[in-house]
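Chain and residue survey
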Amino acid sequence: MDVITCAPCDGAATYRARADRWFVCPAGHELASRDVDLDAMTTWAVDATGYVVCPSESLQVISDALTGLDESDYSHDPVYAARKALDTAYSACPDYITAYDCGLA
């Protein structure tokens, strides 16, 4: 997740999203969503709490973890390797579900 810091507050505050597609810091400084470029190829949304989510990042984490599970060297500690890969994949699921709830996934 990208954190958007407030320049007028000298980076001490982070912006939160509002329902009208504007961002606002605790001091009241506003930032239009059109002025935010998280990544030109990334689709992103904001959930009800103001959390910025990107479904493609969550899916990439899940995919990488499952690929790692498939390609891991299980000779040293197979249970640990499998658990680590699955824990990584599961930890990305809440972000993907949030994106789904926002209508992106």
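The sections below set out a description of the structure shown in this document. These numbers come from a predicted model, not from an experiment.

1. A closer look at the overall build of the protein
A tally of helices and strands in the protein yields 2 helices and 5 strands. In the protein, which comprises 105 residues, the proportion classed as buried is 27%. Taking the contacts inside the protein whose residues are at least 6 apart along the sequence as the reference set, 32% of them involve residues at least 24 apart. Of the roughly 7,200 Å² of accessible surface on the protein, a fraction of 52% belongs to carbon and sulfur atoms.

2. Let's talk about the sheet that holds strand β2 (residues 22-24)
With antiparallel pairing, the 3 strands of this open sheet are ordered in space as β1-β2-β3. The sheet is open, and its two edges are formed by β1 (16-17) and β3 (30-32), each paired on a single side. Summarising the sheet, β1 and β2 pair through 2 bridges and their orientation is antiparallel. If you follow Arg16 over to β2, its bridge partner there is Val24.

3. Focus on helix α2 (residues 78-101)
Look at α2: 35 Å from first C-alpha to last across 24 residues, which is about the 34 Å you get at 1.5 Å a residue. Listed as buried for α2 are Ala81, Ala85, Ala89, Ala92, Thr98 and Ala99.

4. Structural notes on the pattern of salt bridges
In the structure shown here, the tally under the stated rule is 2 salt bridges. Here Arg18 makes a salt bridge to Glu30, at a shortest N to O gap of 2.7 Å. With Arg18 in the loop between β1 and β2 and Glu30 in strand β3, the pair connects residues that are 12 residues apart, well separated along the chain.

5. Looking at the state of the cysteines
The final tally for this structure, using the stated rule, is 0 disulfides. As a non-bridged cysteine, Cys25 has Cys6 as the owner of its nearest cysteine sulfur, 3.7 Å distant. You can call Cys25 buried: its relative accessible area is 4%.

6. With respect to the side chain of Ser58
Locating Ser58 in the fold gives a position in helix α1 (residues 55-71). On the basis of relative accessibility, which here comes to 6%, the residue Ser58 falls in the buried class. Those residues in contact with Ser58 that sit more than four places away from it in its chain are Ala92, Asp95 and Tyr96.

7. What about α1?
Within an α-helix, residues lying three or four positions from one another point in the same direction, as the helix has 3.6 residues per turn. A rise of 1.5 Å per residue sets the reference length of α1, with its 17 residues, at 24 Å; its end C-alpha atoms lie 24 Å apart and thus fit the reference within 8%. Listed in full, the buried residues belonging to α1 are Pro55, Ser58, Ile62 and Ala65. Buried residues of α1, viewed axially, fall in a sector of 100°; they line one side. Relative to its buried face, α1 has exposed residues pointing more than 90 degrees away, namely Asp70 and Glu71.

8. Considerations on the environment of Arg16
Residue position: Arg16 is located in strand β1. For Arg16, a relative accessible area of 45% gives the class partly exposed. Separated by 14 residues in sequence, Arg16 and Glu30 place their C-alpha atoms 9.5 Å apart.

The rules behind the values
Residues numbered from 1 in each chain as written. Predicted model: local features only at pLDDT ≥ 70, side-chain atom pairs only at ≥ 80, totals over all residues. Heavy atoms only, no water. Helix = DSSP H or I, 4+ residues; strand = E, 2+ residues; numbered from the N terminus. Buried < 20%, exposed > 50% of the residue type's maximum accessible area, 1.4 Å probe, protein only. Contact = heavy atoms within 4.5 Å. Areas by Shrake-Rupley, 256 points an atom, 1.4 Å probe, with all protein chains shown as cover. Pairing = 2+ DSSP bridges. Expected span 1.5 Å × (residues − 1). Salt bridge = Lys/Arg side-chain N within 4 Å of Asp/Glu carboxyl O. Disulfide = S-S within 2.5 Å. Arc of directions from axis to C-beta.

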